[in-house]
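# Structural overview for review
So the chains spell out like this:
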Amino acid sequence: MYDNWEDLEKSIINCKKCNLYTNRTNIVFGQGNKNADIMFIGEGPGADEDRQGMPFVGKAGKLMNTAFEGLGINREEVYIANIVKCRPPNNRTPESDEATACLDYLRNQVILVKPKIIVLLGSTALKNILGNEHSITASRGKWIEKKGIYYMPTWHPAALLKDENKKIEFWRDLKAVVERYETIKN
Ligand code: URA
Ligand code: SF4
């Protein structure tokens, strides 16, 4: 564990802890307010993210930005990261050994950000953060409190591209996040 961002970021640049390093153009560390009250956790970089080294800058990210704008969430005020920092080939789901290898970095990010709310975007984020027994279908939209952090599992933005109903539910879940945030911020 690192107690500062500089050392943590440095430790990731040359990471070869799992095989995903062979496929990456850039590490996607994370982006946003390092003291955010709200943190978003996705799955892993896609092609656009791998190219730019930033999370959620492709199609799914654009959809997320639209929801943020509609709900009054400022992307610069939140912190956004992923379960794995390197792009899985063909955007496949990260294997559990890859997620396990990478998870310490994310845990360290959470410790440094100290968010009050964590939005888990999709099944990979949910299972790796809160445990394999959770299913996104059953858990989405329901708050889970653990060690003082409120977790909101919701759909991964990429899932919204194919399903209008999920868009409505995603919107509703983020609205619940905004409402809780309004009540907890000083
Ligand atoms: N999908 C993710 O899970 N994360 C990104 O950063 C982009 C797409
Ligand atoms: Fe290291 Fe994570 Fe990249 Fe694997 S995905 S090589 S653990 S930074």
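A short tour of the structure in this document, coming up. It should be emphasised that the depicted structure is a prediction, and the values quoted were computed from it without experimental measurement. (Residues numbered from 1 in each chain as written. Chains lettered and ligands numbered in written order. Predicted model: local features only at pLDDT ≥ 70, side-chain atom pairs only at ≥ 80, totals over all residues. Heavy atoms only, no water.)

### Some remarks on the overall build of the protein
Put simply, the test is: Strands here mean DSSP runs of E at least two residues long; helices mean DSSP runs of H or I at least four residues long; both are numbered from the N terminus. Using C-alpha atoms as the atom set, the radius of gyration is obtained and then compared with a globule rule of 2.2 Å times the number of residues to the power 0.38. Burial classes follow relative accessibility: with a 1.4 Å probe on protein chains only, a residue under 20% of its type's maximum area counts as buried, one over 50% as exposed, and anything between as partly exposed. Contacts are residue-level and defined by heavy atoms, with any inter-residue pair within 4.5 Å sufficient. To measure how exposed things are, a 1.4 Å probe is used in the Shrake-Rupley method; for residues, cover is taken only from the protein chains shown.
Per the secondary structure count, the protein includes eight helices and six strands. Along the chain direction, N to C, the helices and strands of the protein fall in the order α-β-β-α-α-β-α-β-α-α-β-β-α-α. Scaling as 2.2 N^0.38, a compact globule of 186 residues should have a C-alpha radius of gyration of about 16 Å, and the protein matches this with 15 Å. Considered along the principal axes of its C-alpha atoms, the protein spans approximately 40 × 35 × 30 Å. Burial statistics for the protein: of 186 residues in total, 49% are counted as buried. Considering only intrachain contacts with a sequence separation of at least 6, the fraction spanning at least 24 residues in the protein is 72%. Accessible area for the protein stands at about 9,600 Å²; split by element, carbon and sulfur atoms hold 46% of it.

### Some remarks on the pattern of salt bridges
Put simply, the rule is: For this analysis, a salt bridge means a side-chain nitrogen from Lys or Arg found within 4 Å of a carboxyl oxygen belonging to Asp or Glu.
Here the structure, examined in full by the defined rule, presents 11 salt bridges. As a salt-bridge pair, Asp 48 and Arg 51 come within 3.2 Å of each other at their nearest N and O atoms. With a gap of three residues between them, Asp 48 and Arg 51 both fall in helix α2 (residues 47–52), about one helical turn apart. Residue classification places Asp 48 among the partly exposed residues on the basis of a relative accessible area of 30%. Note that Asp 104 and Arg 107 form a salt bridge whose closest N and O atoms lie 3.1 Å from each other. Note that Asp 104 and Arg 107 are positioned in helix α4 (residues 96–113) at a spacing of three residues, about one turn of the helix. Judged by relative accessible area, Arg 107 falls into the partly exposed class, the value being 42%.

By themselves these figures say nothing about function.
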